[in-house]
Amino acid sequence: MTQIDPAVGLAFVRDKTGVLAERMGIEFLEATPERVVARMPVEGNTQPYGLLHGGASVVLAETVGSTGAALHAGPGRIAVGVEINATHHRSATSGFVTAVATPLHAGRTLATYEIEISDEAGRRVCTSRLTCMLRDA
């Protein structure tokens, strides 16, 4: 794994966060190749029944997982998502959900991250797995 100071990782994230992540209200709390943590408000990211939208959970998962993969890839390289899956375990209706991405595999051309999304009570809302292709920029 590439060694990155956590402050440098957060600076990288602030420079690279896309419009979608900003629109969803995603806020990064920690960012290294070994662990990326971010939170997202439930409010504004719900489906018609007032529950956290499953697609919003997937956006959060891909955002944190691809950030970890990009940090692992290092300078001059990019991470491009090629596969994601998600299992939704329970609903969330208020507050924030927090995603924690950790690597399952971190190679030269592929990186796979497991992402656990939990509610404010620490109950798992969603489990996701993301695989990214790592390429030269």
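Remember, it's a predicted structure, so these values are computed and weren't measured experimentally. (Residues numbered from 1 in each chain as written. Predicted model: local features only at pLDDT ≥ 70, side-chain atom pairs only at ≥ 80, totals over all residues. Heavy atoms only, no water.)

A. Broad picture of the overall build of the protein chain. Helix and strand content of the protein chain: 3 helices and 6 strands. Ordered by position in the sequence, the α and β elements of the protein chain form the string α-α-β-β-α-β-β-β-β. Accessible surface, the protein chain as shown: approximately 7200 Å² in total, 51% of it carbon and sulfur. (Helix = DSSP H or I, 4+ residues; strand = E, 2+ residues; numbered from the N terminus. Areas by Shrake-Rupley, 256 points an atom, 1.4 Å probe, with all protein chains shown as cover.)

B. Seen up close, the sheet that holds strand S5 (residues 110–118). Ordered in space as S1-S2-S4-S5-S6-S3, the 6 strands form an open sheet in which the pairing is antiparallel. Sheet topology places strand S1 (27–32) and strand S3 (77–88) at the edges, where each strand pairs with a single neighbour. Between one strand axis and the next, the sheet turns by 20 degrees as a mean value, whatever way the strands run. Sheet analysis places S3 next to strand S6 (residues 124–136), joined by 11 bridges and oriented antiparallel. Of the residues in S6, the one forming a bridge with Val 80 is Met 133. (Pairing = 2+ DSSP bridges. Axes fitted to C-alpha atoms, helices over the stretch in contact; angles between N-to-C directions.)

C. Up close: the pairing of S1. For S1 and strand S2 (residues 35–41), the ladder comprises 5 bridges, and the chain directions are antiparallel. Paired with Phe 28 across the bridge in S2 is Ala 38. Counting the residues between successive antiparallel strands, the hairpin from S1 to S2 contains 2 residues.

D. Fine view of the pattern of salt bridges. If you walk through the whole model with that rule in mind, you get 6 salt bridges. A salt bridge links Glu 83 to Arg 129; its shortest N-O distance comes to 3.5 Å. Of the two residues, Glu 83 sits in strand S3 while Arg 129 sits in strand S6, which places them 46 residues apart along the sequence. Glu 83 sits in the partly exposed class, given a relative accessible area of 31%. Arg 129 sits in the partly exposed class, given a relative accessible area of 34%. (Salt bridge = Lys/Arg side-chain N within 4 Å of Asp/Glu carboxyl O. Buried < 20%, exposed > 50% of the residue type's maximum accessible area, 1.4 Å probe, protein only.)

E. Expanded view of the side chain of Thr 127. Mapped onto the fold, Thr 127 is located in strand S6. Discounting chain neighbours no more than four positions away, the residues touching Thr 127 are Asn 85, Ala 86, Thr 87, His 89, Glu 114 and Ile 115. (Contact = heavy atoms within 4.5 Å.)

F. Fine view of the packing of aromatic side chains. Applying the stated rule across the entire model yields 0 aromatic pairs. Directly above the aromatic system of Phe 96 lies the positively charged group of Arg 39, at a separation of 3.7 Å from the ring centroid. (Phe/Tyr/Trp six-rings, centres within 6.5 Å; stacked < 30°, edge-to-face > 60°. Lys NZ or Arg CZ within 6 Å of the ring centre and 35° of its normal.)

G. How the structure looks around the environment of Ala 111. Of note, Ala 111 is situated in strand S5. A sequence separation of 43 residues divides Ala 111 from Gly 68, and the C-alpha atoms of the two residues are 8.8 Å apart. Residues within four places of Ala 111 in sequence aside, it is in contact with Ala 69, His 72, His 105, Ala 106, Leu 130, Thr 131, Cys 132 and Leu 134.

Any link to function would need more than the numbers given here.
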